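Structural features, examined
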Amino acid sequence: PKQQGTLEMPSGRQKDQPRWKNLPEDPESEKNSIIEFHEALGKAGWQFSLRDIVRFHTSVRCEPLTILGGAPGSGKSSLARMYARYFGLGEDKSFLSIDVQPSWHDRMDFLGFVKTHESTHEFVPSETGVAKFLKDAETDNGKSGIWLACLEEINLARPEHYFADFLQRISLDDFTRAKTPIEFKGLLGKEADKGRFTLVPSVRFIGTCNFDETTQNFSARFLDRCNYIEFQPMRIIDSFFPAAGKH
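A quick note: this is a predicted structure, and the numbers were derived from the prediction, not measured.

Remarks on the overall build of the chain
A tally of regular secondary structure across the chain gives ten helices and nine strands. Counting all 247 residues of the chain, 46% fall into the buried class. Sequence separation of at least 24 residues holds for 74% of the intrachain contacts in the chain that already meet a minimum separation of 6. Total accessible area computed for the chain in this model is approximately 13000 Å², and 51% of it derives from carbon and sulfur atoms.

Right, dumping it as structure tokens:
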């Protein structure tokens, strides 16, 4: 039997090819591509409504920040990973999964910090991989399609704090955003380049969230800058006991 969660790739296309870049521009063909993705999810044993898949895809296509809400087990993180794989975003390059930590307070935790030596300053990227992700996306400049970063449980810490630099920029138009890089002060030469990040239009962020005693509520300012989608609980069909999916 097929392993649960294993996604069947479209025929004639390898998983590492940049499918998003070649997503049909005409509405009818794009609609068919999303229907095929929804059917592939069903064959892999994942149940999502087509309406939720369309809402999710439309948001990622059009908005820099999409938040997926819903009860634990509703498939938020799984959908982001399978969407990235199906549309050709290699997990080692243009897709990044980030485990948010409740101890995060500012951009030093999320992006990096400046380390001071006796006479020099050095930019040190955080362990999240966000710095490298943004630099690679800037170098690529949209040639490979979108670059997708998924913040797992984005509200374990306050995104208004550690994600503040990005919230300020995603509301800007592409031209203004390109002229307003995120910069770490006190760096010179090559180190200054390492600590300067431009949020290019091809970068998208997805945040998954739960609401319980361990998480933070979103502020009105944060909600104003994202597209929020709430999923209903998802069932995983047991391949060994098909009848289980009927209950």
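So that's the structure; there's more coming.
Observations regarding the sheet that holds strand 1 (residues 65–69)
An order of 2-5-8-1-9 is seen for the five strands of this open sheet, with the pairing classed as parallel. At either end of the open sheet lies a strand with only one pairing partner, and these are strand 2 (95–99) and strand 9 (227–230). With direction set aside, neighbouring strand axes in the sheet form an average angle of 20°. As judged from the five bridges shared by strand 5 (residues 147–152) and strand 8 (residues 203–208), these two strands associate in the parallel manner. Within strand 8, the position partnered with Trp147 by the bridge is Val203. Helix 3 (residues 76–86) contacts strand 1, strand 2, strand 5 and strand 8 of the sheet and is inclined by roughly 165° relative to strand 5.

Considering the pattern of salt bridges
Scanning the entire structure with this criterion turns up ten salt bridges. Here Asp165 ties to Arg107 by a salt bridge, and the two come within 3.3 Å at their closest N and O atoms. Here Arg107 lies in helix 4 (residues 107–110) and Asp165 lies in helix 7 (residues 164–170), a separation of 58 residues in the sequence. Taking relative accessible area as the criterion, Asp165 reaches 14% and is therefore assigned buried. The class for Arg107 is partly exposed, based on a relative accessible area of 24%. The shortest N-O distance in the salt bridge between Glu191 and Lys194 comes to 3.1 Å. Pair noted here: Glu191 and Lys194 are both in helix 9 (residues 189–194), with a separation of three residues, about one helical turn. Take Lys194: its relative accessible area is 44%, and that puts it in the partly exposed class. Where salt bridges share partners, they join Glu183, Asp193 and Arg196 into one cluster.

Examining the packing of aromatic side chains
Applying the stated criterion across every chain, the model contains 22 aromatic pairs. Ring centres 5.3 Å apart and planes at 70° place the aromatic pair Phe166 and Phe205 in the edge-to-face group. With Phe166 in helix 7 and Phe205 in strand 8, this pair connects stretches of sequence that are 39 residues apart. The pair Phe166 / Phe205 is uniform in exposure class, with both members buried. Measuring from centroid to centroid gives 4.6 Å for Phe218 and Phe222, while their planes differ by 20°, and the two rings are stacked. The exposure class of Phe218 is buried, given its relative accessible area of 12%. An aromatic cluster of at least three residues, connected via ring pairs, comprises Trp104, Phe110, Tyr162, Phe163, Phe166 and Phe205. The side chain of Arg107 reaches across the aromatic face of Phe184, ending 4.0 Å from its centre. Note that Lys135 overlies the ring of Phe197, its terminal NZ or CZ placed 5.1 Å from the centroid.

Here is what the cut-offs are and how they apply
Residues numbered from 1 in each chain as written. Predicted model: local features only at pLDDT ≥ 70, side-chain atom pairs only at ≥ 80, totals over all residues. Heavy atoms only, no water. Helix = DSSP H or I, 4+ residues; strand = E, 2+ residues; numbered from the N terminus. Buried < 20%, exposed > 50% of the residue type's maximum accessible area, 1.4 Å probe, protein only. Contact = heavy atoms within 4.5 Å. Areas by Shrake-Rupley, 256 points an atom, 1.4 Å probe, with all protein chains shown as cover. Pairing = 2+ DSSP bridges. Axes fitted to C-alpha atoms, helices over the stretch in contact; angles between N-to-C directions. Salt bridge = Lys/Arg side-chain N within 4 Å of Asp/Glu carboxyl O. Phe/Tyr/Trp six-rings, centres within 6.5 Å; stacked < 30°, edge-to-face > 60°. Lys NZ or Arg CZ within 6 Å of the ring centre and 35° of its normal.

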